[in-house]
Amino acid sequence: MSYQFDFLAVAREAPELAAGLARTVELTAVACIAGLLIGIVGAVCRAWQLRPFNTLFAVYVEMFRNTPFLVQLFFLFFGLPTLGIEIAPDSAAMLAMVINLGAYAVEIIRSGIEATPKGQIEAAQALALKRWQIFLHVVLRPALLRVWPAMTSQVVIVMLGSAVCAQISTEELSYAASLVQSRNFRAFETYFVTAGLYLALALLLRQTLLRGGGRLLKRGRP
């Protein structure tokens, strides 16, 4: 093999890749927070059959869990302008990630809520706890703790899926990698390093959420 590897050509573009990586982290953070909030609201509505919101969330979940993320992204960025709704690339990417993660979060959290033993709720009522205290400390926190590993995995999946946002010129990591490769013509080295960055980010994100989220949810519990 006569090919001469040149990773220095990629190293010289480190600021470009770092900027793309930072943008990926930013998109993921927003998607994680907003998606989790949507998931909690939707899970409560579905688990407790709060009409008509349970039906609306059921449609939302089925729609976005059974269509490709790329199609959702293209619909927001290319489809909505047909109706006169213009969305910037970064906003479209962020919105697509939020609604996609939210749809999965609804079902993940709902499974945790429905697994709450009725005896725990009855015991809390017998202790004269207020409704919000029962919901927060007896239902929601244990439910989130129960499903947190699955929720963490879904956040990582959405983060990795953000790579397709380069298709609408969102300047995240894969977009930066494509730009770097177009400059140095070192496709192997560029995408090898990019794959390593995604791997490192996925592992770091998983460990951070598992440990940090777990500790936060356990705080104040016996």
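Residues numbered from 1 in each chain as written. Predicted model: local features only at pLDDT ≥ 70, side-chain atom pairs only at ≥ 80, totals over all residues. Heavy atoms only, no water.

S.K.: Explain the overall build of the protein chain to me, please; I cannot follow it from the model alone.
M.R.: Tallying secondary structure elements over the protein chain gives nine helices and zero strands in all. Principal-axis analysis of the C-alpha atoms places the extent of the protein chain at approximately 75 × 45 × 25 Å. Long-range pairs, those at least 24 residues apart, make up 78% of the contacts in the protein chain with a sequence separation of at least 6. Accessible surface, the protein chain: about 12300 Å² in total, of which carbon and sulfur atoms supply 66%. (Helix = DSSP H or I, 4+ residues; strand = E, 2+ residues; numbered from the N terminus. Contact = heavy atoms within 4.5 Å. Areas by Shrake-Rupley, 256 points an atom, 1.4 Å probe, with all protein chains shown as cover.)

S.K.: Would you mind showing me how to read the packing of aromatic side chains here?
M.R.: Taken as a whole, this structure holds nine aromatic pairs when the rule is applied. Their ring planes at 80 degrees and their centres at 5.3 Å tell us that Tyr 3 and Phe 5 sit as a pair that is edge-to-face. You can call Tyr 3 partly exposed: its relative accessible area is 34%. On the basis of relative accessible area, Phe 5 is assigned to the partly exposed category, the value being 45%. (Phe/Tyr/Trp six-rings, centres within 6.5 Å; stacked < 30°, edge-to-face > 60°. Buried < 20%, exposed > 50% of the residue type's maximum accessible area, 1.4 Å probe, protein only.)

S.K.: Before we go on, may I ask you to explain the pattern of salt bridges in this structure?
M.R.: Where charged atoms from two side chains of opposite charge approach closely, those side chains can pair. Summed over the entire model, instances satisfying the criterion amount to eight salt bridges. One salt bridge connects Glu 13 with Arg 183, and the closest N-O pair in it is separated by 3.0 Å. Placement of Glu 13 in the loop between α1 (8-11) and α2 (14-47) and of Arg 183 in helix α8 (residues 173-184) is noted, with a sequence separation of 170 residues between them. For Glu 13, a relative accessible area of 18% translates into the label buried. (Salt bridge = Lys/Arg side-chain N within 4 Å of Asp/Glu carboxyl O.)

S.K.: What is the right way to read helix α4 (residues 69-79) from this model?
M.R.: Given 3.6 residues to a turn, an α-helix orients residues that are three or four positions apart in the same direction. Of all the residues in α4, the buried ones are Phe 69, Gln 72, Leu 73, Leu 76 and Phe 77. Projected onto a plane normal to the axis of α4, the buried residues spread over an arc of 115 degrees and lie on a single side. (Arc of directions from axis to C-beta.)

S.K.: In this structure, what is going on with the environment of Ala 47? I would like to understand it.
M.R.: Within the secondary structure layout, Ala 47 lies in helix α2. In this structure, Ala 47 is in contact with Arg 110, Ile 113 and Glu 114, ignoring residues within four places of it in sequence.

S.K.: I keep staring at a nonpolar patch on the surface and nothing clicks. Help me out?
M.R.: A grouping of Tyr 3, Phe 5, Phe 7, Phe 188 and Phe 192 is seen on the molecular surface, where their side chains present a nonpolar patch of about 520 Å² in accessible area. On the accessibility criterion, Phe 188 (45% relative accessible area) is partly exposed. (Patch = residues over 30% accessible without salt bridge, like charges linked within 9 Å, V, L, I, M, F, W, Y side chains within 5 Å.)

S.K.: Would you mind showing me how to read the nonpolar core here?
M.R.: Note on soluble globular proteins: their nonpolar side chains tend to be buried together. In terms of nonpolar packing, the biggest core is built from 57 residues, with Leu 17, Leu 36, Tyr 60, Ile 109, Ile 113, Met 151 and Val 155 touching the most fellow members. Listed by contribution, the elements that provide at least two residues to this core are α2, α3 (53-65), α4, α5 (89-114), α7 (131-161), α8 and α9 (187-218). Each residue touching Leu 17, except ones within four places of it in the same chain, is listed here: Val 10, Leu 173, Ala 176, Ala 177, Val 180, Val 193, Thr 194 and Leu 197. (Core = buried A, V, L, I, M, F, W, Y, C linked by side-chain atoms within 4.5 Å.)

S.K.: Where do I start with α3 in this structure?
M.R.: The end-to-end C-alpha separation of α3 is 18 Å, in line with the 18 Å expected for 13 residues at 1.5 Å each. Among the residues making up α3, those that are buried are Asn 54, Phe 57, Ala 58, Tyr 60, Val 61 and Phe 64. All buried residues of α3 lie within an arc of 165 degrees about the axis, which places them on one face of the element. Residues of α3 that are buried sit in contact with α2, α4 and α5. (Expected span 1.5 Å × (residues − 1).)

S.K.: What's the story with the environment of Met 151 in this structure? I'm lost.
M.R.: On the secondary structure map, Met 151 appears in helix α7. Of the residues examined, Met 151 reaches a relative accessible area of 3% and is grouped as buried. Separated by 58 residues in sequence, Met 151 and Leu 209 have C-alpha atoms that sit 9.2 Å apart. The residues touching Met 151, leaving out its near neighbours within four places in the chain, are Leu 36, Leu 101, Ala 105 and Ile 108.

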